[in-house]
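The residues making up each chain are set out below.
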Amino acid sequence: MRRAPPPPSQRGGGDGCPLLRPRGSRRYPRAVGNPQEITAAEPFRGVRSRLPPRRCLRRAGGADFSAGPAGGVVQPVRTVVPVHRHGGFLGVMPAYSATDDALTTKLVTFYEHKKDSSVPSHQATVLLFEPSNGSLKAVLDGSVITAKRTAAVSAIATKLLMPPFAEVLCILGAGVQAYSHYDIFTELFTFKEVRIWNRTKEKAVKFANSVNGPVQVCSSAQEAVTGADVIVTVTMATTPILFGDWVKPGAHINAVGASRPDWRELDDELMKNSVLFVDSREAALTESGDVILSGAEIFAELGEVVKGTKPALPEKTTVFKSLGMAVEDTVAAKFVYDSWSAGN
């Protein structure tokens, strides 16, 4: 599909759609056409409004996590370029889904900002291409897509793996992923108590004052975790911040941070004494320090549980190690673009 150039009112952010617009400051070759851009203005409303929690959950559920090339999904493990001088990384995540006939690549940077905390630790852009000819169709704000699709996949894992009658949710970390996980978890599940801990307490307090609902700010990770039924770790930790002897037997943990082979969020005891689920075996054995350094055995991919080829085992203590899959970005980006196109 190829969109005709938009009317003048939509060029450069005129009276048309201000959040999905041609890049008026640059001329693109005729073969490429005018790619549309969902920008970060007002704030991320163009993407955010088209990916509310339940809709995002449905789209994430439609991503065939375990399809592989035979199932029409091509997605190599992300390429990561270290930026040693500044303590950062650039990741490249291409994917093609034959089922959706969608082709994307995401460019994502992640930095541990020890001095400038005003800059998000993760920033991303998703490029959506026309798969029939390679033309660039849209440039989408990838930060919102990443936050929402990651939380949606965690919610799918939690629905399958958490203990029955879970009452206490614990979130370790207070960044963008903490907000996205809180939003979808409190919409989909009924928790009697929500707790948060962050290494900078001020950010945890800000989080508690910003969300819609009561949140208990804890002074330590151990205090937050003790007795929790569902735990979400969304930190930039490089050494363990969650320990097995703190965790309630039968609890479910969504481990979202520590996306480098030498970074950790969970200790060896927790990793080895839990049933381990991952989004991708290949990615987990390449990128996850929690998996690689602990030597924990992977029981199943989440896609295998979704398909019913592996059991969920909610009666056990379970860990879902989430690294993020490019096809999740592909499905979400195409959905956002199609939603915008239908309204224009």
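Owing to the predicted nature of the structure, the values given are computational and were not obtained by experimental measurement. (Residues numbered from 1 in each chain as written. Predicted model: local features only at pLDDT ≥ 70, side-chain atom pairs only at ≥ 80, totals over all residues. Heavy atoms only, no water.)

**Let's talk about helix H11 (residues 326-342)**
Compared with an ideal rise of 1.5 Å per residue, which puts 17 residues at 24 Å, H11 spans 24 Å between its outermost C-alpha atoms and is within 8% of the ideal. Taken across its 17 residues, H11 has 13 buried, putting it largely inside the fold. (Helix = DSSP H or I, 4+ residues; strand = E, 2+ residues; numbered from the N terminus. Expected span 1.5 Å × (residues − 1). Buried < 20%, exposed > 50% of the residue type's maximum accessible area, 1.4 Å probe, protein only.)

**Details of the pattern of salt bridges**
Within this structure, the stated rule accounts for 12 salt bridges. Between Glu167 and Lys192 there is a salt bridge, with the nearest N and O atoms lying 3.3 Å from each other. Taken together, the positions of Glu167 in the loop between helix H3 (142-161) and strand S9 (168-172) and Lys192 in the loop between helix H4 (176-188) and strand S10 (193-197) put the pair 25 residues apart, joining distant regions of the chain. Between Arg281 and Glu304 there is a salt bridge, with its nearest N and O atoms 3.1 Å apart. Of this pair, Arg281 sits in helix H8 (residues 281-287) while Glu304 is found in helix H10 (residues 302-307), placing the two residues 23 residues apart along the sequence. (Salt bridge = Lys/Arg side-chain N within 4 Å of Asp/Glu carboxyl O.)

**Regarding the packing of aromatic side chains**
Within this structure, the stated rule accounts for 10 aromatic pairs. For the ring pair Phe277 and Phe299, a centre distance of 5.6 Å and an interplane angle of 75 degrees mean the geometry is edge-to-face. In this pair, Phe277 is assigned in strand S14 (residues 275-278) and Phe299 in strand S15 (residues 298-301), connecting sequence segments 22 residues apart. Classification of Phe299 by relative accessible area gives partly exposed; the value is 28%. (Phe/Tyr/Trp six-rings, centres within 6.5 Å; stacked < 30°, edge-to-face > 60°.)

**Some remarks on a nonpolar patch on the surface**
Among the surface-exposed residues, Val81, Leu90 and Leu107 lie close enough to one another that they form a single nonpolar patch of about 200 Å² accessible area. Relative to the helices and strands, Val81 resides in strand S4 (residues 79-83). Classification of Val81 as partly exposed rests on a relative accessible area of 39%. (Patch = residues over 30% accessible without salt bridge, like charges linked within 9 Å, V, L, I, M, F, W, Y side chains within 5 Å. Areas by Shrake-Rupley, 256 points an atom, 1.4 Å probe, with all protein chains shown as cover.)

**Comments concerning the nonpolar core**
Counting residues in each nonpolar core, the largest one holds 30 residues, and the members touching the most others are Leu172 and Leu242. Breaking this core down by element, the ones donating at least two residues are S9, helix H6 (221-225), strand S13 (252-255), helix H7 (268-272), S14 and H8. Here Leu172 is in contact with Trp197, Ala221, Ala224, Val225, Val232, Thr233, Val234, Thr235, Ile241 and Leu242, once residues within four sequence places are set aside. Counting residues in each nonpolar core, the second largest holds 25 residues, with Phe191, Ile196, Phe207 and Ala208 among its members. (Core = buried A, V, L, I, M, F, W, Y, C linked by side-chain atoms within 4.5 Å. Contact = heavy atoms within 4.5 Å.)

**Describing the packing of H3 against H4**
Axis separation between H3 and H4 bottoms out at 9 Å; the angle between their running directions is 45 degrees. By the angle between their directions, the pair H3 and H4 is classed as oblique. Regarding H3 and H4, the two cross each other, and that crossing is right-handed. Side by side, H3 and H4 meet where Thr146, Ala147, Lys148, Thr150, Ala151, Ala152, Ser154, Ala155 and Thr158 of the first sit next to Val176, Gln177, Ser180, His181, Ile184, Phe185 and Leu188 of the second. A breakdown of the residues in the contact of H3 with H4 according to their chemical character gives eight nonpolar, seven polar and one charged. (Axes fitted to C-alpha atoms, helices over the stretch in contact; angles between N-to-C directions. Parallel < 35°, antiparallel > 145°, perpendicular 65-115°, else oblique. Left-handed = near helix turned anticlockwise from the far one by under 90°. Nonpolar A, V, L, I, M, F, W, Y, C, P; charged D, E, K, R; others polar.)

**Section: H4**
Counted at 1.5 Å a residue, the expected span for H4 with its 13 residues is 18 Å, and the 19 Å between its end C-alpha atoms agrees. Along H4, the positions that sit buried rather than exposed are Gln177, Ala178, Ser180, His181, Tyr182, Ile184 and Phe185.

**Looking at the sheet that holds S13**
Pairing is parallel across the open sheet formed by eight strands, whose spatial order is S11-S10-S9-S12-S13-S16-S14-S15. The open sheet has two edge strands, strand S11 (216-217) and S15, and neither has a second partner. By the bridge criterion, four bridges tie S9 to strand S12 (residues 230-233) in an arrangement that is parallel. Bridging across to S12, Ile171 finds its partner in Val232. (Pairing = 2+ DSSP bridges.)

**Topic: unusual backbone geometry**
One non-glycine residue, Asp101, lies in positive phi territory at about 45 degrees. Mapped onto the secondary structure, Asp101 falls in the loop between strand S5 (88-97) and strand S6 (102-111). According to the relative accessible area criterion, Asp101 is partly exposed, its value standing at 42%. You will see that Leu313, though not glycine, has its phi angle at about 60 degrees, which is positive. The residue Leu313 is located in the loop between H10 and strand S16 (318-321) in this model.

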